[in-house]
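# Working through the structure, step by step
Single-letter residue listing:
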Amino acid sequence: MRLQLTLAALLSGSVSSAEVEVSSKVQVYADTGQTVVISPHVTGTVTLPSKTSLSATYTEDIVSSASVDVRTTASPRIFDRRQEVDFGLGQLVGGFQLGASYVHARERDYLSNGGSFSASRELFQKNTTLSLRAGVMSNLVGRADDPLFQAPMTDWSADLAVTQIFTPTTIMQVNATVARSNGMMASPYRKVRVPMPDSGAGSLVLFMPENEPSERLRFAGAVGLKQALGDVVVLHGEYRLYRDSWSVLSHTVDARVVFDLSPITVRLRYRGYTQSRASFYQPAYDTLRLYLSSDRELSAFSSHLFGAKVEWQPLRTEGAGARFRFDVKVEGMYFRYPEFLRLDQRWALITQAGMAVDF
Amino acid sequence: MRVFVVVLVTALSGCSFVSPAKRATLSKRCMQFQEDGDELVLENHLIDSREGSSGARGARGGGCGCN
């Protein structure tokens, strides 16, 4: 009993002097392909005086879809739910910020468990920050209509980030990722239409299950720059290059203008994306091949995103102790698929509302 | 990858120290690269499942998100 009281006193003492931040968002994605995804998300972080931080995050995706992928499986509409929990632990040790995390996600036909370790260090009088991260995610792919179907898929990844201050108003970040995926990456639901040449009995069309290579190596690098112009305007530009062993090559540009009208911040944004197709993807197959895919995300396509975000952070009032932040975001996204015969374009609307409080 | 190493080395070799007293602008929230971690997590999951590429974007999550 005495031990319990001592522990309770220690914990309450630590927590009372700890920094606590709680934040949440709700995102709604709706597109002209008849898919709606509602995603509530909440995070809590406690940082103790010993520079130890603990965090927990819960995210859910509530999905209703009658997309072209769903309709080709003869289902008029599907309803699905994905739940994800993340736990993180951080500690400052001898100038190194060390971190570890665990993530668990599940849906009706998909199970993921993974973890990562990270380390970051500030150098050159805190003008340079170097961060490394390595992680693994073990997935089990299922099929809703077949409880016996189970296929593993594992992702390994390593990330490097270098952030560099150039001037009192200029900062740059370079990111690089190397990742390897092994296992089932094709959809267990999608079928690929393959017309057979004259078989003697009239035209014959086969609907084959997707089959994709079981290994994929990915490389991505990005460079971003932020430049403040006076006290009000911040420009943000970013470019990302991606290449993988399936011959997908992509370019991404992200441009933002932020107006700091304290306590309100307004952000305008454009993001452009283009990619080439995977080596084995074809808009239409004329014969059976080892690898077959009808995944439009493996075709050559482009997308454009335009949006605005408004953030309101009222000044902390004397004695109130807590600081609040509220934000609202609206973005429109346009996809063009010149190599996907069943859908040549798609519009999407992404809306998000969030709040955070720290005390 | 070679291009990024060149960019990195060039950037680091040409920089001068900015003292903490001159970082008022840099300390603003809108000057941080991951200024809203929650937004980043939600966006990465949404975009990763709708594009054929991933990586060099920060946060990661689980699940397929393949709708």
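All values reported here derive from a predicted model rather than from experimental measurement. (Residues numbered from 1 in each chain as written. Chains lettered and ligands numbered in written order. Predicted model: local features only at pLDDT ≥ 70, side-chain atom pairs only at ≥ 80, totals over all residues. Heavy atoms only, no water.)

### Quick look at the overall build of chain A
Along its length, chain A carries two helices and 18 strands. Across chain A, contacts joining residues at least 24 apart in sequence account for 53% of those joining residues at least 6 apart. Just so you have it, chain A exposes about 18200 Å², and 65% of that area is on carbon and sulfur atoms. (Helix = DSSP H or I, 4+ residues; strand = E, 2+ residues; numbered from the N terminus. Contact = heavy atoms within 4.5 Å. Areas by Shrake-Rupley, 256 points an atom, 1.4 Å probe, with all protein chains shown as cover.)

### With respect to the interface of chain A and chain B
Contact residues are listed per partner, giving 89 residues for chain A and 47 residues for chain B. Here chain A and chain B share an interface that buries about 5600 Å² over both sides, 57% of which is from carbon and sulfur atoms. Applying the counting criterion to the chain A and chain B interface returns 10 salt bridges. In this structure, D36 of chain B and K25 of chain A form a salt bridge, with 2.9 Å as the shortest nitrogen-oxygen distance. The class makeup of the residues in the side of chain A that touches chain B is 33 nonpolar, 29 polar and 27 charged. (Buried area = accessible area lost by both parts, 1.4 Å probe. Salt bridge = Lys/Arg side-chain N within 4 Å of Asp/Glu carboxyl O. Nonpolar A, V, L, I, M, F, W, Y, C, P; charged D, E, K, R; others polar.)

### What to know about unusual backbone geometry
Residues and elements named next belong to chain A. Residue S262 is joined to P263 through a cis peptide bond whose omega torsion reads 15°. For P263, the location among the structural elements is in the loop between β14 (249–261) and β15 (264–275). Positive phi, close to 65°, is recorded for K51, a residue that is not glycine. In this structure, K51 sits in the loop between β2 (35–47) and β3 (52–65). Not every positive phi belongs to a glycine, and F124 is a case in point at roughly 50°. One can find F124 in the loop between β6 (110–123) and β7 (128–143).

### Looking at the nonpolar core
Formed by 32 residues in total, the largest nonpolar core has its most connected members in Y29, A278, M333 and F335 of chain A. Among the secondary structure elements, those contributing two or more residues to this core are β8 (146–167), β12 (215–229), β16 (301–312), β17 (323–336) and β18 (345–358) of chain A together with α2 (37–48) of chain B. Looking at which element gives the most residues to this core, the answer is β8 of chain A, with three residues. Residue contacts for F335 of chain A: discarding those within four places in its chain leaves Y29, F301, S302, S303, D344, Q345, R346 and A348 of chain A together with R50 of chain B. Formed by 10 residues, the second largest nonpolar core is a distinct cluster that contains I171, A228 and V234 of chain A together with F33 of chain B. (Core = buried A, V, L, I, M, F, W, Y, C linked by side-chain atoms within 4.5 Å. Buried < 20%, exposed > 50% of the residue type's maximum accessible area, 1.4 Å probe, protein only.)

### Points about the confidence of the model for chain A
Overall, the prediction assigns chain A a mean pLDDT of 90, with 92% of residues at 70 or greater. Low pLDDT, under 50, characterises residues 5–13 of chain A; the predicted model gives this stretch zero contacts beyond four residues in sequence or across chains. (pLDDT = per-residue confidence, 0-100.)

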